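# Coordinate inspection notes
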Amino acid sequence: MKNNDYDIVIAGAGASGLTLLWYILNSEHLENLRILLLDQSLKPDNSKTWCFWNKGPFPLAKLVYHSWKKLEVRTSENRFAESLNQYKYQCIRSIDYTKEILYLARKSSRVDLVETSIQEFDFKSEKALTITDDGTYSSELVFQSVKKPKDYHRSKADNVLLQHFTGWEIETSEELFNPERAIFMDFDVPQQNGVTFMYLLPYQKTRALVEYTIFSESLLPADVYEKELKRYLAQKYDLNEESFKILRKEKGVIPMEDRKYNQWYCQNVMNIGIIGGFAKPSSGYAFMRIHEQCREIVNALENNFALPDRPVSSYRFRVYDMMLLYLLKHEPDISLKIFHDFFRKNSFNTILKFLDEKTNFAQEVTIFSKVPYIPFFKSIYKMKHRIFTGA
Ligand SMILES: Cc1cc2nc3c(=O)[nH]c(=O)nc-3n(C[C@H](O)[C@H](O)[C@H](O)COP(=O)(O)OP(=O)(O)OC[C@H]3O[C@@H](n4cnc5c(N)ncnc54)[C@H](O)[C@@H]3O)c2cc1C
């Protein structure tokens, strides 16, 4: 192996970098690629729980930590619970995912791993360059999930929100949870800071991850999230601080933006993961979209096709996300009513298919006809400068 020169540099060993590496290592056609994996920390940590739903077999199914047959949504007026006959809602812990893929990487003679801080990317003399504290690495291609492109803040974005949350994995002495049913969204919480809900993933009758989640423009002081978690556990489960143990804390901020993401940082340096715009703007779910992107990249590498750099979603779904983001930002009360009717009048299977962007236009018209649709016309009017110019 030439010093510091690789076929591919994967910059960032988070969900997207590791997923891309996993697909490359599992490709019979890419066995000759020399790969460098870089991250500021290559120590697996238990900081994230990635949930997703899918129908068919999931390639890393052995890493699934828990899955739920039923989902429930609660509002101040109703509770909607349903068995998922077509999908499985499941979660993987970042610690298990990272351990497994780093183990495979270390076992492979064609992958080098370096723990270093990445400073910049560049393209010179027909090579992509990754400039790190440890030196500069050159490669044919870089897939990076660590740095926002320089033009990020200049790229078109009208509705920019954050999905911000803090969660506690708790253990209780009493059996309070149903490990077969995840609470997808419980909107029956104070709504003064933006559209707000609790997300509750029971792993056992006495153990659950509960997350206080908000869609809004700015973060809250750190103590507010924890105060709201305490309040919720007291009100809904009659738990005071002595009656549960916090096993782990998790917090995060996911962009929810109608931004026109640029897939390229510079020539031969592709943005992947959240930085590449792979979080679904109206929900923040990214894990399965990252898998789809990585499968497409590997397919292109195997077949010598151009790398996929079209927008993540089709025009129709970009418009729907834009309309929903507009309403979440400008009309939080109406958004709550829309969520209520969305979950009351559609089956979870339809909803998950819609969120997966796998519905057809006729199904989407039916879905929208069941929620207050006048606000959507208003959002189309307000967003016409984007909607009628390609979104
Ligand atoms: C707590 C949390 C929970 C989430 N849960 C879900 C979920 O349930 N379902 C879902 O679909 N999505 C979820 N998401 C959204 C999304 O799936 C995750 O954010 C996912 O980790 C994104 O992958 P990524 O590769 O883009 O970024 P990351 O996983 O954050 O990876 C980026 C990597 O880059 C490294 N890095 C950053 N800067 C540098 C630097 N300068 N030098 C070197 N290395 C650097 C970091 O150490 C990190 O390992 C969640 C997000 C968070 C934060």
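Whatever comes next refers back to the structure up there.
Residues numbered from 1 in each chain as written. Predicted model: local features only at pLDDT ≥ 70, side-chain atom pairs only at ≥ 80, totals over all residues. Heavy atoms only, no water.

### Comments concerning the sheet that holds strand β3 (residues 49-54)
Read across the sheet, 3 strands follow the order β3-β7-β4 without closing on themselves; strand pairing throughout is antiparallel. Each having just a single partner strand, β3 and β4 (66-68) make up the two edges of the open sheet. Taken pair by pair, the neighbouring strands of this sheet meet at an average axis angle of 25°, ignoring direction. Relative to strand β7 (residues 88-93), β3 runs antiparallel, the two being bridged by 6 bridges. The partner of N54 across the bridge, within β7, is K88. (Pairing = 2+ DSSP bridges. Helix = DSSP H or I, 4+ residues; strand = E, 2+ residues; numbered from the N terminus. Axes fitted to C-alpha atoms, helices over the stretch in contact; angles between N-to-C directions.)

### So, the site of the ligand
Around the ligand, the surrounding shell holds 28 residues, and the nearest of these are S16, D39, C51, A286 and F287. The side chain of W50 places a nitrogen or oxygen atom 3.3 Å from an oxygen atom of the ligand. In the complex, 84% of the free accessible area of the ligand, which totals 970 Å², lies under the protein chains. Those elements giving two or more residues to the shell around the ligand turn out to be α1 (15-25), β3, β16 (244-257) and α4 (287-303). Of all the elements, β16 adds the most residues to the shell around the ligand, at 4 residues. (Near = heavy atom within 4 Å. Polar contact = N/O pair within 3.5 Å; in protein donor to acceptor, adjacent residues only side chain to side chain. Areas by Shrake-Rupley, 256 points an atom, 1.4 Å probe, with all protein chains shown as cover.)

### Comments concerning the sheet that holds strand β12 (residues 160-172)
Here we have 7 strands laid out as an open sheet, ordered β6-β5-β13-β14-β15-β12-β16, and mixed in their pairing. Taken across any chain shown, the strands that pair with only one partner, and hence form the sheet edges, are β6 (79-83) and β16. Within the sheet, the average angular offset between the axes of one strand and its neighbour, ignoring direction, is 15°. Across 2 bridges, the pairing between strand β13 (residues 181-186) and strand β14 (residues 195-204) is antiparallel. Within the sheet, the bridge partner assigned to I183 lies in β14 and is L200. Most of the contacts of helix α5 (residues 315-330) go to β12, to which it runs at about 75°, and overall it touches β12, β14, β15 (207-216) and β16. The strands touched by helix α7 (residues 348-355) are β5 (70-74), β6 and β13; relative to β6, the strand with the most contacts, the crossing angle is about 85°. (Contact = heavy atoms within 4.5 Å.)

### Some thoughts on the side chain of T116
Positionally, T116 belongs in the loop between β8 (111-115) and β9 (118-124). Among the polar contacts made by the side chain of T116, one reaches the main-chain amide nitrogen of D134 at a distance of 3.2 Å. Leave out the neighbours within four places in its chain, and T116 touches L38, D39, Q40, T132, D133 and D134.

### Examining the pairing of β12
Of all the 13 residues making up β12, 10 are buried; the element is thus mostly covered by neighbouring parts of the structure. Bridge count between β12 and β16: 13 bridges; the pairing is antiparallel. In the sheet register, T166 faces β16, and the bridge partner there is K251. Here 10 bridges tie β12 to β15, and the two strands are oriented antiparallel to one another. When the sheet's bridge partners are listed, L162 is paired in β15 with S216. (Buried < 20%, exposed > 50% of the residue type's maximum accessible area, 1.4 Å probe, protein only.)

### Remarks on the packing of aromatic side chains
A full pass over the atoms with the stated rule returns 37 aromatic pairs. Measuring from centroid to centroid gives 5.9 Å for F317 and F354, while their planes differ by 50°, and the two rings are tilted. Placement of F317 in helix α5 and of F354 in helix α7 is noted, with a sequence separation of 37 residues between them. Relative accessible area serves as the criterion here: at 3%, F317 is assigned to the buried category. Exposure remark for F354: the relative accessible area of 5% places this residue in the buried category. Ring centres 5.9 Å apart and planes at 85° place the aromatic pair F354 and F368 in the edge-to-face group. On the criterion of sequence distance, the pair formed by F354 in helix α7 and F368 in helix α8 (residues 361-369) is long-range, its members being 14 residues apart. Relative accessible area serves as the criterion here: at 14%, F368 is assigned to the buried category. One residue, R259, lies across the ring of Y152, its end atom 4.1 Å from the ring centre. (Phe/Tyr/Trp six-rings, centres within 6.5 Å; stacked < 30°, edge-to-face > 60°. Lys NZ or Arg CZ within 6 Å of the ring centre and 35° of its normal.)

### Considering the side chain of S138
Locating S138 in the fold gives a position in strand β11 (residues 135-144). Residue S138 is classed as buried on the basis of its relative accessible area, which comes to 16%. Here D5 takes part through its side chain, which lies 2.7 Å from a polar atom of the side chain of S138. In this structure, S138 is in contact with N4, D5, Y6, K127, A128 and L129, ignoring residues within four places of it in sequence.

### Let's talk about the packing of α5 against helix α6 (residues 332-345)
A packed helix pair is summarised by two numbers, namely the angle formed by the two axes and the spacing between the axes. At a minimum axis distance of 6 Å, the contact between α5 and α6 shows a crossing angle of 125°. Taken together, α5 and α6 sit at an angle that is classed as oblique. Seen from α5, the contacting residues are L327, L328, K329 and H330; seen from α6, they are P332, S335, I338 and F339. Of the residues in the contact of α5 with α6, the class split is 5 nonpolar, 2 polar and 1 charged. (Parallel < 35°, antiparallel > 145°, perpendicular 65-115°, else oblique. Nonpolar A, V, L, I, M, F, W, Y, C, P; charged D, E, K, R; others polar.)

These figures come from the coordinates and say nothing about function on their own.
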